[in-house]
Amino acid sequence: MADGPGHIAFLQSLPAETRAALSERRNRAGLVHLGGHGGAIACTAALIVAQVPGWWLLMPVQGVLLVFLFTLEHEATHKTPFASPALNELAGHLCGLILILPFGWFRYFHLAHHRWTNLPGRDPELAAPKPGTRAAWEWHATGLPYWRSALGTLWRLARGHADDAFLPDGARARVVGEARVMVLVYALGLASLACSPLLLWLWLVPV
């Protein structure tokens, strides 16, 4: 069977008003989606806090809901979730805080990936080698290499080493400042464990 037209040709074949409607950014629609996802997180968290029968089985569900916030952070780099630039920025930074992925740094990392996709030495996603064996894949699938890398990147940035090639000179101070604020928030959160284990069961263990 012959291949159909590519996606670019398909989009170009649509009437201009249809393309405009499909790409329209609306605050209300974005907030409704965010409210639904946030509501699911809040509901699962409430059941865990109440320690309903089998509450520990809800922690993987909570983890999936939290980790899927990466989708929102990714879209915020492209400024697509909301019409308001401020809402996109806020959403990106909050998701980055939950996922230990500084939004300011990730935005430049991801845009460099789009600009230099699959070009060795230019695409930052190629810096970490992909699993080449089943054992390496299984280790990768645990998620532990990701969290080790995330914590290492955050700590490096917080120490002022924002020397990635894809970071513009004018953005380095902002990236370092965001990382330091995140480290402070995490330190306060870990200190709260001395009074309550909630953060452990609602965030640390699930993610």
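Located above this text is the structure these notes cover.
Here is what the cut-offs are and how they apply
Residues numbered from 1 in each chain as written. Predicted model: local features only at pLDDT ≥ 70, side-chain atom pairs only at ≥ 80, totals over all residues. Heavy atoms only, no water. Helix = DSSP H or I, 4+ residues; strand = E, 2+ residues; numbered from the N terminus. Buried < 20%, exposed > 50% of the residue type's maximum accessible area, 1.4 Å probe, protein only. Contact = heavy atoms within 4.5 Å. Areas by Shrake-Rupley, 256 points an atom, 1.4 Å probe, with all protein chains shown as cover. Lys, Arg positive; Asp, Glu negative; His and termini not counted. Charge placed at Lys NZ, Arg CZ, Asp CG, Glu CD. Phe/Tyr/Trp six-rings, centres within 6.5 Å; stacked < 30°, edge-to-face > 60°. Lys NZ or Arg CZ within 6 Å of the ring centre and 35° of its normal. Axes fitted to C-alpha atoms, helices over the stretch in contact; angles between N-to-C directions. Left-handed = near helix turned anticlockwise from the far one by under 90°. Nonpolar A, V, L, I, M, F, W, Y, C, P; charged D, E, K, R; others polar. Expected span 1.5 Å × (residues − 1). Arc of directions from axis to C-beta. 1 Å grid on protein atoms, 1.4 Å probe; cavity = no way out; pocket = protein on both sides within 12 Å on 5 of 7 lines; lining within 4 Å. Points joined across faces, edges and corners; volume = space filled by probe spheres on them.

Asker: Provide a residue-level description of the overall build of the chain, including the pertinent values.
Answerer: Looking only at helices and strands, the chain has 11 helices and 0 strands in total. Reading the helices (α) and strands (β) of the chain from amino to carboxyl end gives α-α-α-α-α-α-α-α-α-α-α. In terms of principal-axis extent, the alpha carbons of the chain reach across some 60 × 40 × 40 Å. Here the chain holds 207 residues, and the buried ones make up 30% of them. Considering only residue pairs separated by 6 or more positions, the chain has 59% of its internal contacts joining residues 24 or more positions apart. Put simply, the chain shows about 13,200 Å² of open surface, and 68% of that area lies on carbon and sulfur atoms. Taken as two groups, the 16 positive and 13 negative side-chain charges of the chain have centres that lie 4 Å from each other.

Asker: Help me get a handle on the packing of aromatic side chains, residues and values and all.
Answerer: According to the stated counting rule, one finds 8 aromatic pairs in the structure shown. With centroids separated by 5.8 Å and ring planes inclined at 65 degrees, the aromatic side chains of Trp105 and Phe166 adopt a geometry described as edge-to-face. Taken as a pair, Trp105 in helix H7 (residues 103-115) and Phe166 in the loop between helix H9 (144-158) and helix H10 (172-192) lie far apart in primary sequence, 61 residues in all. Here a set of aromatic residues connected by ring pairs shows up, and it is made of Phe70, Trp105, Phe106, Phe109 and Phe166. When the ring centre of Trp116 is taken as reference, the NZ or CZ atom of Arg122 above it lies at 3.7 Å.

Asker: Quick rundown of the environment of Val176? Include the residues and the values.
Answerer: Position of Val176 among the secondary structure elements: in helix H10. Separated by 17 residues in sequence, Val176 and Arg159 have C-alpha atoms that sit 7.6 Å apart. For Val176, the contacting residues outside a window of four places in its chain are Leu157, Gly160 and Ala162.

Asker: A description of the packing of H9 against H10 should follow, citing residues and the corresponding values.
Answerer: In a pair of packed helices, the angle between the axes and the distance between the axes together describe the arrangement. At a minimum axis separation of 8 Å, H9 and H10 run at an interaxial angle of 115 degrees. By crossing handedness, the relation of H9 to H10 is classed as left-handed. Contacts between H9 and H10 involve Leu154, Trp155, Leu157 and Ala158 on the former and, on the latter, Val175, Val176, Ala179, Arg180, Met182, Val183 and Tyr186. When grouped by side-chain class, the residues that make up the contact of H9 with H10 number 10 nonpolar, no polar and 1 charged.

Asker: Which residues make up helix H6 (residues 85-99), and what values go with them?
Answerer: Look at H6: 21 Å from first C-alpha to last across 15 residues, which is about the 21 Å you get at 1.5 Å a residue. Those residues of H6 not exposed but buried are Asn88, Ala91, Gly92, Cys95, Gly96 and Leu99. For H6, the arc enclosing every buried residue in end-on projection is 130 degrees, short of the 170-degree limit, so these residues lie on one face. Buried residues belonging to H6 abut helix H4 (58-67), helix H5 (69-77), H7, H9 and H10. Ile100 sits one or two residues past H6 and shows a positive phi near 55 degrees.

Asker: So, the layout of surface pockets: which residues are in play, and what are the values?
Answerer: Looking at the largest pocket, its volume works out to about 1,400 Å³. Surrounding the largest pocket, 42 residues form its lining, Phe109, Glu125, Ala128, Tyr146 and Ser149 being those nearest its centre. Of all the secondary structure elements, the ones that give two or more residues to the lining of the largest pocket are H7, helix H8 (134-141) and H9. For the lining of the largest pocket, a count of residues per class yields 30 nonpolar, 5 polar and 7 charged.

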